[in-house]
Amino acid sequence: MRPTFNNENINKYKKELFEYFASSINWLKDLSNYKKNQLRRAFNVAFKAHQGQFRKGGDKEPYITHPVEVAIIVAKEMNFGITSVISALLHDVVEDSDLYDIDYIDSRFGKHVATIVDGVTKITNISGKQESKQLETFKKLLFTIPKDYRVVLIKIADRLHNMRTMEDMPGSSRRIKSSENLYIYAPIANMVGLHDIKKEIYNLSFKYLHPENYQNLLSERELTSFRRYEVLSSFQKKIKRSIFKKYSFLTMETIVKSW
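Residues numbered from 1 in each chain as written. Predicted model: local features only at pLDDT ≥ 70, side-chain atom pairs only at ≥ 80, totals over all residues. Heavy atoms only, no water.

Engineer: When you look at the overall build of the protein chain in this model, what are you seeing that I'm missing?
Structural biologist: Within the protein chain, the regular secondary structure consists of 14 helices and 0 strands. Listing each helix as α and each strand as β along the protein chain from the N terminus yields α-α-α-α-α-α-α-α-α-α-α-α-α-α. Counting the 259 residues in the protein chain, one finds 44% classified as buried. For the protein chain, the accessible surface area stands at approximately 14300 Å², while carbon and sulfur atoms represent 49% of it. (Helix = DSSP H or I, 4+ residues; strand = E, 2+ residues; numbered from the N terminus. Buried < 20%, exposed > 50% of the residue type's maximum accessible area, 1.4 Å probe, protein only. Areas by Shrake-Rupley, 256 points an atom, 1.4 Å probe, with all protein chains shown as cover.)

Engineer: What's the story with helix 4 (residues 82-89) in this structure? I'm lost.
Structural biologist: Since one α-helical turn is 3.6 residues long, residues separated by three or four positions face the same way. In terms of burial, helix 4 is a largely internal element, 7 of the 8 residues being buried. The set of residues buried in helix 4 consists of Ile82, Ser84, Val85, Ile86, Ser87, Ala88 and Leu89.

Engineer: Would you take a moment to explain the packing of aromatic side chains for this structure?
Structural biologist: Where two aromatic rings form a pair, the distance of their centres and the angle of their planes describe that pair. Applying the stated rule across the entire model yields 8 aromatic pairs. Taking the centre distance of 6.0 Å and the plane angle of 55 degrees together, the rings of Phe18 and Phe21 count as tilted. Linking Phe18 with Phe21, this pair stays in helix 1 (residues 10-24), spanning 3 residues, or about one helical turn. Geometrically, the ring pair formed by Tyr100 and Tyr104 is tilted, given 4.8 Å between the ring centres and 40 degrees between the ring planes. The class of Tyr100 is buried, set by a relative accessible area of 11%. Residue classification places Tyr104 among the partly exposed positions, given a relative accessible area of 24%. Above the ring of Phe18, the side-chain terminus of Arg40 is found at 3.7 Å from the ring centroid. Directly above the ring of Tyr202 sits Lys198, whose terminal nitrogen or CZ lies 5.4 Å from the centroid. (Phe/Tyr/Trp six-rings, centres within 6.5 Å; stacked < 30°, edge-to-face > 60°. Lys NZ or Arg CZ within 6 Å of the ring centre and 35° of its normal.)

Engineer: How should I be thinking about the environment of Met169 in this particular structure?
Structural biologist: Within the fold, Met169 resides in the loop between helix 9 (150-164) and helix 10 (171-191). On a C-alpha basis, the gap between Met169 and Arg55 in space is 9.7 Å, while along the polypeptide they are 114 residues apart.

Engineer: Explanation requested: the packing of helix 3 (residues 65-76) against helix 4 in the structure shown.
Structural biologist: The packing of two helices is summarised by the inter-axis angle and the distance between the axes. Remark: helix 3 packs on helix 4, axes separated minimally by 8 Å, with the N-to-C direction vectors making an angle of 160 degrees. Relative to helix 4, the element helix 3 lies roughly antiparallel. Our pair here, helix 3 against helix 4, has a crossing hand that is right-handed. Contacts from Pro67, Val68, Val70, Ala71, Val74 and Ala75 in helix 3 reach Ser84, Val85, Ala88 and Leu89 in helix 4. Across the contact of helix 3 with helix 4, the residue classes break down as 9 nonpolar, 1 polar and no charged. (Axes fitted to C-alpha atoms, helices over the stretch in contact; angles between N-to-C directions. Parallel < 35°, antiparallel > 145°, perpendicular 65-115°, else oblique. Left-handed = near helix turned anticlockwise from the far one by under 90°. Contact = heavy atoms within 4.5 Å. Nonpolar A, V, L, I, M, F, W, Y, C, P; charged D, E, K, R; others polar.)

Engineer: Explanation requested: the confidence of the model for the protein chain in the structure shown.
Structural biologist: A low pLDDT score tells you not to read the predicted coordinates there in detail. Looking at the protein chain as a whole, the pLDDT averages 82, with 75% of positions reaching at least 70. Per-element confidence in the protein chain ranges from a low mean pLDDT of 40 for helix 14 (residues 252-258) to a high of 98 for helix 4. Confidence drops under a pLDDT of 50 for residues 246-259, and excluding neighbours within four residues, the segment shows 22 contacts in the predicted structure. (pLDDT = per-residue confidence, 0-100.)

Set out below in structure tokens:
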């Protein structure tokens, strides 16, 4: 269980949060002392960078919980290693703090981590725009992928955690992020074999983009499993048709070549 924030005892909260993080990923205990120290250093940098920052919403949750949960997703649900976990911890540091820049990340954690953090930062800067600009966002995202495939996967983990905690976000933010998820992140997650993550992102995005249809589906308790599948498939086909029409320029061949 993640510790509860107590503003009166930051150091205790920091210690308990790291223990929660470390205990959530079984293989961390098998790391060499050098890698454990790197991981602890990354956590400390992230904690300092985000100290005093809180997530948007009603509960005033410390922002540091977000990169911690993204790092856990990267390790447990994506099965990535130490470089990706460190990058996930640091993925918002440059964007959200004046204390650290990419050169610092490079000097302390190496060029691979710096490349990933820089890539995620660039995607963040072009994401969340008005829906009419999604086509350009998609193009820029594809240009980012070849630098390091882990960039986009960490961004998918970032979006997954955002969607899991989207309940208190403003309606406009829900719609824009959900729309980007359906057009960009869910298809890429599916393409690289992250089918469970794709399904969860898709379902949560559908929930916020089409709340009435989503609730109607949930309320149909008496539908058989086969009938439920038919209804969901019908909605999926409609969305796919609109996606393919909007992004008809993009073929599987061009996606593969981008990798």
